[in-house]
Amino acid sequence: MKSSQTPRGGAPPRGGAPSAGDALTAPAPGGGAPESTAKHAGWVLSRSRYRHPGDVIRLIAGGLALATAIALAAVTSGELLGPGARTVRWLDYDPAGRILVGLVQVAFVLTAAGVVAAGLRYRRFRLLAGLAVGAVAAGAALAGILYLAGDQHPPPVAVTLDHSGWLASAAFPGPPFLAGAVAVTVAASPWLSRAWRRTAWIALFAAGAARLAAGTVLPLELVLAFATGVTAGAAVLVAFGVPDRRMGPDGIAAALRLAGLPVRSVEPAQVETKGSRPFVADTDDGQHLFIKVLGSDQRDADLLYRAYRFIRLRDVGDSRPAASLIQAVEHQALAALMAERAGVHVPRVDRVIKAQDGTVLLAMDRIDGRALDQLPAGQISGELLRRLWAEVDRMHHAGIAHRSLRAANVMVGTEGRPWLTDFSFSELAGTERQKDLDVAEFLASLATLVDADSAVASAAAVMDASELAAAVPLLQPLALSAATRHAVAQQSGLLARTRSAAATASGRPGQELARIQRVRPRTLITIAALAGAFYFILPQLAQVGSSWHAIQSAQWAWLPVVIAMSALTYLASAVSLLGGVPGWVPFWPTVLTQGASSFINRVSPANVGGMALNARFLQKSGVEPAAGVAAVGLSALAGAVVHGILLVVFFVWASRSLAHAFKLPSSSKLLLILAVLAALVGILLATRRGRRFAATKVLKALRSAAASLRRVAASPVKLALLVGGSAMVTLAYIGGLAASVQAFGGGPGIAAIGAVYMGASAIAAASPTPGGLGAIEAALIAGLTGIGMSPGPAVSAVLTYRLATYWLPVVPGWISLRLLQRGDYV
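Procedures and definitions
Residues numbered from 1 in each chain as written. Predicted model: local features only at pLDDT ≥ 70, side-chain atom pairs only at ≥ 80, totals over all residues. Heavy atoms only, no water. Salt bridge = Lys/Arg side-chain N within 4 Å of Asp/Glu carboxyl O. Buried < 20%, exposed > 50% of the residue type's maximum accessible area, 1.4 Å probe, protein only. Core = buried A, V, L, I, M, F, W, Y, C linked by side-chain atoms within 4.5 Å. Helix = DSSP H or I, 4+ residues; strand = E, 2+ residues; numbered from the N terminus. Contact = heavy atoms within 4.5 Å. Pairing = 2+ DSSP bridges. Axes fitted to C-alpha atoms, helices over the stretch in contact; angles between N-to-C directions. Phe/Tyr/Trp six-rings, centres within 6.5 Å; stacked < 30°, edge-to-face > 60°. 1 Å grid on protein atoms, 1.4 Å probe; cavity = no way out; pocket = protein on both sides within 12 Å on 5 of 7 lines; lining within 4 Å. Points joined across faces, edges and corners; volume = space filled by probe spheres on them. Nonpolar A, V, L, I, M, F, W, Y, C, P; charged D, E, K, R; others polar. Expected span 1.5 Å × (residues − 1). pLDDT = per-residue confidence, 0-100. Lys, Arg positive; Asp, Glu negative; His and termini not counted. Polar contact = N/O pair within 3.5 Å; in protein donor to acceptor, adjacent residues only side chain to side chain. Parallel < 35°, antiparallel > 145°, perpendicular 65-115°, else oblique. Left-handed = near helix turned anticlockwise from the far one by under 90°.

## Overview of the pattern of salt bridges
Within this structure, the stated rule accounts for 16 salt bridges. Asp350 serves as the salt-bridge partner of Arg348, at 3.4 Å between the closest nitrogen and oxygen. By relative accessible area, Arg348 is classed as partly exposed at 32%. With a closest N to O distance of 2.8 Å, Arg802 and Glu777 form a salt bridge.

Printed below as a string of structure tokens:
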């Protein structure tokens, strides 16, 4: 069809660029009656606005680019910004540079005047205000960033800026003005045709290149200007909205007629939908159609939603988004057709239509009736609920997971028949997890309409107990859709009652909730704040410039050695675990499990998360659950015993060097401490609860460990793997710390460094933070300075060591976890 509107981001009407001679009235959105709009010199002005999700994506992308540029400026420490920055100068200022700067100045002033004049001419005061806000915000933000960075131009640029241009000095327009221009371009883009948008961006890049060639701006200043401008402009669009030129009823009718449907009328549907705009249509031959209209805004919203769920949640059955909007709609139509073939009552799909502006329409039969969540509670009978669960059961037996199974997506026809609708997120080859999520979602949604017992009883009458039991751990807020979660929250305790009723009906009470949250935001914020504060304060206490300056001063040839020692610890940890397993377990998946465990341990204290992951891996690898847990415990016990032995060895080996490293109490004080500890243990054992704890927990654990150790000792190879792997883990960490010390000038010997590490790790083991964060850094620095290393290099060595062994493995650990999940090892 020939669109009568310029779609957002699409080509102008009929392929022609708007000109000054265009008519001042344009058709309303969707081809309806004209409204008071204006099209002049590339501007398409419309009164109605809405917020486009694509602008949120641009805001996030611009913010990430800006943060990366700022981090780059901080890391390089004056090499890209400041007096020591390298300049790019292709031309002498006189005369070529002066001409380029002059042209940019004239173009900048004329463009700014043209934008203001056009806005005043067409009385677009709100638009002008938004553009002004974006320009000022971008310019002020960049000026503040450059001020905080201590940006001082190097001598070549400073000398050039003192020259005069055509309208002002060569410093105009500087980076803040350029950032403002970029913000205006981004914020005005929805009102510009494609040709004018392309022209504006070409002009901006040309202006930046001209000032770069003339030597009046630094490359990183240019990057910061564009990143700041894009971020500020996108923020304006998110705040104030964009003109709504989405296809309306008339445009939809034209597209349907072009596709062969003789529609008589098209009107907005009086229903709420997710991911599309709903319309109803009547045809000349008496058909009643329901039309789902999807455009770029729905596509961008879907990408944002999936990205959020990917970051926040795990094991919730989400799949990758379709490659394009048309493929997503075609998949939805195919899922509905396959469900209909399986005997599920779904609206019949008529056809999929793609309009010339990229909008996609899905036409299907309209069901005469009401959505289930709109029915009065008295009309929702037990028979209706059982018929609903029968439809769900048929759909699941056909291998289809709905993925949005809630009351709003169920229509009840006038004859009382239930219909399943909206297969936007469905999966044709649904996994058991996805089907379990369907059941959990529908149970919670129905419970908000009737009650928990009725919802569960209707499901239990149709579905197997095992299917109901599998949904119980997923009856939790994060596993539900936002709409269902909000509805459940309105009734205090409803979700807990539903979960309890479902557990009882399934015959498996007491199930734990499934862990579907990757990391709690509060945990991430706490760790980030503590780590940031610690790593900022620590260098200040040691009177060195900063953590980054300390790392920059390292001899980088030693850094690969530190990283190699860190990687060796994962191989050694895998060897130790294999030594405690009675049977055969694949080696490389075991190594990946150690990497994944390190990732999980970043957010769980005392290595609890990593031990649980190892036990799960062994169980999935065919090891009996009890034997797997025993093997993990035995590996941890062997590590503790080996660590204690090496602690004694290194302390004896480096006894003279440790005189000032760790301040130990006198012998009399040590005896007093031991006596107090013995008295506390005696008091504990004198109580009934203490004796019960010792008998049921301590002794049981010791007997289990002893039995596992006897089993391993029967095989010399297994014993060698267990002990050798544990020893190699500790020795590799010591080697990494020694290499880091050498990177900053060296000094202490390997014996002293090993003793410092052993003592510091023993102290950090009592810390409640993940990985001993904070405690081990302080102990290592205290130990290194105590054996004669100056504070500055000691801080630098410890920070480099922790960067390579604690923070750098985070990303490989996450990748390892994803690989294990994909290979069904955990």
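## A word on the nonpolar core
Within the largest apolar cluster, 63 residues are counted, with the highest numbers of intra-cluster contacts made by Leu372, Trp389, Leu420, Phe423, Phe442 and Leu443. Among the elements that line this core, the one with the most residues is helix α12 (residues 432-449), at eight residues. The residues contacting Leu443, other than those within four sequence positions of it, are Trp389, Ala455, Val456, Ala459, Leu468, Leu475, Thr498 and Ala502. Judged by nonpolar contacts, the second largest core, of 36 residues, contains Leu127, Leu146, Ala183 and Phe226.

## Some remarks on the sheet that holds strand β7 (residues 263-268)
Two strands in a sheet stick together by hydrogen bonds in their backbones, pointing the same way (parallel) or opposite ways (antiparallel). With antiparallel pairing, the five strands of this open sheet are ordered in space as β7-β8-β9-β11-β10. Because the sheet does not close on itself, it has two edges, and the strands there are β7 and β10 (349-354). Across this sheet, the average inter-strand angle for adjacent strands is 25°, counted without regard to direction. Across six bridges, the pairing between strand β9 (residues 288-294) and strand β11 (residues 360-365) is antiparallel. The residue bridging Val293 from the neighbouring strand is Leu361, located in β11.

## Let's talk about the packing of aromatic side chains
By the definition in use, this model includes 11 aromatic pairs. With centroids separated by 6.1 Å and ring planes inclined at 35°, the aromatic side chains of Trp201 and Phe205 adopt a geometry described as tilted. Here Trp201 pairs with Phe205, and both are found in helix α6 (residues 194-213), just four residues apart, close to one helical turn. Between the aromatic rings of Phe310 and Trp814, the centroid separation amounts to 6.1 Å while the plane-to-plane angle is 90°, which identifies the pairing as edge-to-face. Here Phe310, found in helix α9 (residues 296-312), pairs with Trp814, found in helix α29 (residues 810-822); they are 504 residues apart in sequence, far enough to count as distant. A relative accessible area of 39% places Phe310 in the partly exposed class.

## As for the environment of Leu237
Among the secondary structure elements, Leu237 is positioned in helix α7 (residues 219-240). Along the chain, Leu237 and Val56 lie 181 residues apart, while their C-alpha atoms are 8.6 Å from each other.

## A word on empty space enclosed by the protein
In the structure shown here, the tally under the stated rule is five cavities of 30 Å³ or more. Approximately 80 Å³ is the volume found for the second largest cavity. Of all elements in the fold, only α10 (325-341) and β11 reach the threshold of two or more residues within the lining of the second largest cavity. Of all the elements, α10 adds the most residues to the lining of the second largest cavity, at three residues. By residue class, the composition of the lining of the second largest cavity is nine nonpolar, two polar and two charged.

## Some thoughts on the pairing of β11
Most of β11 is tucked away, with five of its six residues classed as buried. Counting the residues between successive antiparallel strands, the hairpin from β10 to β11 contains five residues, one of them, Gly358, with a positive phi of roughly 95°.

## A few points about helix α11 (residues 382-397)
Between the first and last C-alpha of α11 there are 22 Å, a value that for 16 residues agrees with the 22 Å anticipated at 1.5 Å per step. By the burial criterion, the buried members of α11 are Leu384, Leu385, Leu388, Trp389, Glu391, Val392, Asp393, Met395 and His396. Close packing links the buried residues of α11 with β13 (410-413), β14 (418-420), α12, α13 (452-460) and α14 (465-471). Following α11 by one or two positions, Gly399 adopts a phi angle in the positive range, close to 85°.

## Section: unusual backbone geometry
Non-glycine residue Arg403 carries a positive phi angle of around 75°. Along the chain, Arg403 turns up in the loop between α11 and β13. One non-glycine residue, Asp422, lies in positive phi territory at about 60°. Along the polypeptide, Asp422 turns up in the loop between β14 and α12.

## Regarding the confidence of the model for the protein
This prediction gives the protein a mean pLDDT of 80; 77% of its residues lie at or above 70. Scored below 50 in pLDDT, residues 1-46 makes 105 contacts in the model with residues more than four places away or belonging to other chains. In this model, residues 543-547 is a region of pLDDT below 50 whose contacts with residues beyond four sequence positions or in other chains number eight contacts.

## Some words on the side chain of Arg211
Among the structural elements, Arg211 can be located in helix α6. Buried charge without a partner: Arg211 forms no salt bridge, and the closest opposite charge is Glu221, 7.6 Å away. Among the polar contacts listed, one links the side chain of Arg211 to the backbone oxygen of Pro173, at a separation of 3.1 Å.

## A few points about the packing of helix α19 (residues 559-579) against helix α25 (residues 716-743)
It is at 7 Å that the axes of α19 and α25 come closest, and there the two elements cross at 165°. Considered as vectors, α19 and α25 are oriented roughly antiparallel to each other. Where α19 crosses over α25, the handedness of that crossing is left-handed.

## So, helix α28 (residues 791-807)
Residue pairs three or four apart in sequence face the same way in an α-helix, which turns once every 3.6 residues. Taking 1.5 Å as the rise per residue, α28 with 17 residues should run 24 Å; its terminal C-alpha atoms sit 22 Å apart, in good agreement. Buried residues dominate α28, accounting for 13 of its 17 residues.

## A closer look at the environment of Val136
With respect to the secondary-structure elements, Val136 resides in helix α3 (residues 125-148). Looking at Val136, the relative accessible area reads 59%, which means it is exposed. Along the sequence, Val136 and Ala232 sit 96 residues apart, while their C-alpha atoms lie 9.1 Å from each other.

## Things to note about the sheet that holds β14
With antiparallel pairing, the three strands of this open sheet are ordered in space as β12-β13-β14. The sheet terminates laterally at β12 (369-371) and β14, the two strands that pair on one side only. Direction aside, neighbouring strands of the sheet carry axes that sit 30° apart on average. Inspection of the sheet shows β13 paired to β14 by three bridges, in the antiparallel sense. Within the sheet, the bridge partner assigned to Met411 lies in β14 and is Trp419. Packing of α11 onto the sheet brings it into contact with β13 and β14, and relative to β14 it is tilted by some 30°.

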